[in-house]
Amino acid sequence: MSKLIYFKRYLYVIDRLRSRPCNFNDLQEHVMRKLENDDIDTAFEYAIRTFERDKKDISTLFGIDIHYNRKDKTYAIDEEEIDDQSVTRMIDAFSIHHALQEGNKLSPSVFLEKRKSLGTEHIYGIIHAIQNAYLLQFTHQKHWDDFSTQREVKPIAIKESQQRWYLVALDKKDETVKTFGLDRITNLKITDIKFKPIPYNVEKEFQHAFGVETYSPAEKVILQFSNKQGNYIKTFPLHESQRIIEETEDTVILEIYIHTTNDIIMELLKYGSNVKVISPISLQNDIKNRISEMSNLYQ
């Protein structure tokens, strides 16, 4: 049996147990049906002994433990125990892919957004350069400039933000750590020039960022949302530092600790009259000025 079949089997097990607990018979039926839909030879029997081996492999490969409830005789996965976000993303992508397949490819009931390239084709090469400490060279085009520049950088990490991917790197031009949107990079070249590792803690440097901008000092921000919008924000927090301070019938007041950059200003403007900046006053004034400028456009 090919390694691909083993891998698919693992993912089918994970996919089924993420949705709800089930007994072995239901799990067995699910896995066999999925393999049949993939036109994979299912002459073998997916026995309990095979499943027990799969459990061990799933734990080793993905860091996911499958728990058995002796009372209900069911198996389950606790998603909160999955620490590796790359594993969660991979499983999500696998679930969507197979849902579309079973829906007769791209059926009329599934509508996907039209997106331009996110530059993800560069990820593998950049990771290779990071792991081996190779200099990168590429052409970079800023959104607000009508010209491109040639860059030579020491790659540090790849960071995701707002459904976009960025290269975090030390620009040799001015020895400053910068972020470069992968979708703005072309003519990427991995050189054979080595460099010494850069002592830069990406997680620490961006822990208070909304997006990838950190040029403004981080500070406590208090926001008042309408009750309806507040319920949404409680489900999908603005930032990992978010903390609810007060709730009434009409409002939800929360605080976040964040760099008050253009990224968070644009995000708050998106909520219109459903949000009010309580503090700091400087951010409140920035929002007022933006609203005034917008109003003037319609005079």
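Residues numbered from 1 in each chain as written. Predicted model: local features only at pLDDT ≥ 70, side-chain atom pairs only at ≥ 80, totals over all residues. Heavy atoms only, no water.

1. Remarks on the overall build of the protein chain
Counted only if it meets this: Only runs of H or I of at least four residues qualify as helices and only runs of E of at least two qualify as strands under DSSP, and these elements are numbered from the N terminus. Type-normalised accessible area, obtained with a 1.4 Å probe on protein chains alone, sets the label of each residue: buried when under 20%, exposed when over 50%, and partly exposed for intermediate values. Accessibility throughout is a Shrake-Rupley quantity obtained with a 1.4 Å probe, and a residue counts as covered only by protein chains that appear here.
The number of helices and strands found in the protein chain is 9 helices and 11 strands. A buried classification covers 39% of the 299 residues belonging to the protein chain. About 18,900 Å² of surface is accessible on the protein chain, with carbon and sulfur atoms providing 50% of the total.

2. Regarding the pairing of strand β10 (residues 251-259)
Which entries qualify depends on this criterion: Only strands joined by at least two bridges in the DSSP assignment are considered to pair.
For β10, the tally of buried residues reaches 8 of 9 residues, placing the bulk of the element in the interior. One ladder, built from 4 bridges, connects strand β9 (residues 243-247) with β10; its direction is antiparallel. Bridging across to β10, Glu247 finds its partner in Val252.

3. Points about the packing of aromatic side chains
Aromatic ring pairs are reported here in terms of the distance separating the ring centres and the angle at which the planes meet. So the rule is basically this: Under the pairing criterion, centres of Phe, Tyr and Trp rings, with the six-membered ring standing for Trp, must be within 6.5 Å; the plane angle then separates stacked pairs below 30 degrees from edge-to-face pairs above 60, leaving the rest tilted. In our convention, an over-ring charge means Lys NZ or Arg CZ found within 6 Å of a ring centre and within 35 degrees of that ring's normal.
Scanning all chains against the criterion turns up 8 aromatic pairs. Aromatic side chains Phe24 and Phe51 sit 5.8 Å apart centroid to centroid with 40 degrees between the ring planes, which places their arrangement in the tilted category. Highlighted residues: Phe24 in helix α2 (residues 24-37) and Phe51 in helix α3 (residues 48-62), separated in sequence by 27 residues. When its relative accessible area of 14% is taken as the criterion, Phe24 is described as buried. Classification of Phe51 as buried rests on a relative accessible area of 0%. On the numbers, 5.3 Å between centres and 40 degrees between planes, the contact of Tyr232 with Phe236 is tilted. Members of the aromatic cluster, each reached through a chain of ring pairs, are Phe24, Tyr46, Phe51, Tyr68 and Tyr75. A cation over an aromatic ring shows up here: Lys194 above the ring of Tyr134, its NZ or CZ 4.9 Å from the ring centre.

4. Let's talk about helix α9 (residues 281-296)
Note the following rule: One less than the number of residues in a helix, times 1.5 Å, gives the span that helix is expected to have. By definition, the arc is the one covered by directions from the helix axis to the C-beta atoms. Only heavy atoms matter for contacts: two residues are in contact if any of them lie within 4.5 Å across the pair.
Taking 1.5 Å of rise per residue, 16 residues should cover 22 Å, and α9 covers 22 Å from first to last C-alpha, within 8% of that figure. Taken together, the buried positions of α9 are occupied by Leu283, Gln284 and Ile287. Seen from one end, α9 has its buried residues packed into an arc of 105 degrees, which puts them on one side. Considering only its buried residues, α9 is in contact with β8 (218-226), α8 (262-269) and β11 (275-279).

5. Describing the sheet that holds β11
Strands belonging to one sheet form pairs held by backbone hydrogen bonds; the direction of such a pair is parallel or antiparallel. Applied cut-off: The convention used is that axes are lines fitted to C-alpha atoms, helices contributing only their stretch in contact, and that angles between N-to-C directions extend from 0 to 180 degrees.
If you walk across this open sheet you meet the 4 strands as β9-β10-β8-β11, and the pairing is antiparallel. Strand pairing shows two members of the sheet lacking a second neighbour, β9 and β11, which therefore form its edges. Averaged over all pairs of adjacent strands, the angle between their axes in this sheet comes to 30 degrees, without regard to strand direction. Where β8 and β11 come together, 4 bridges link them in antiparallel fashion. Considered in β11, the bridge of Gln224 is made with Lys276. The strands that helix α7 (residues 227-235) touches are β8, β9 and β10; relative to β8, the one it contacts most, it runs at about 130 degrees. Contacting β8 and β11, α9 runs over the sheet at an angle of about 145 degrees to β11.

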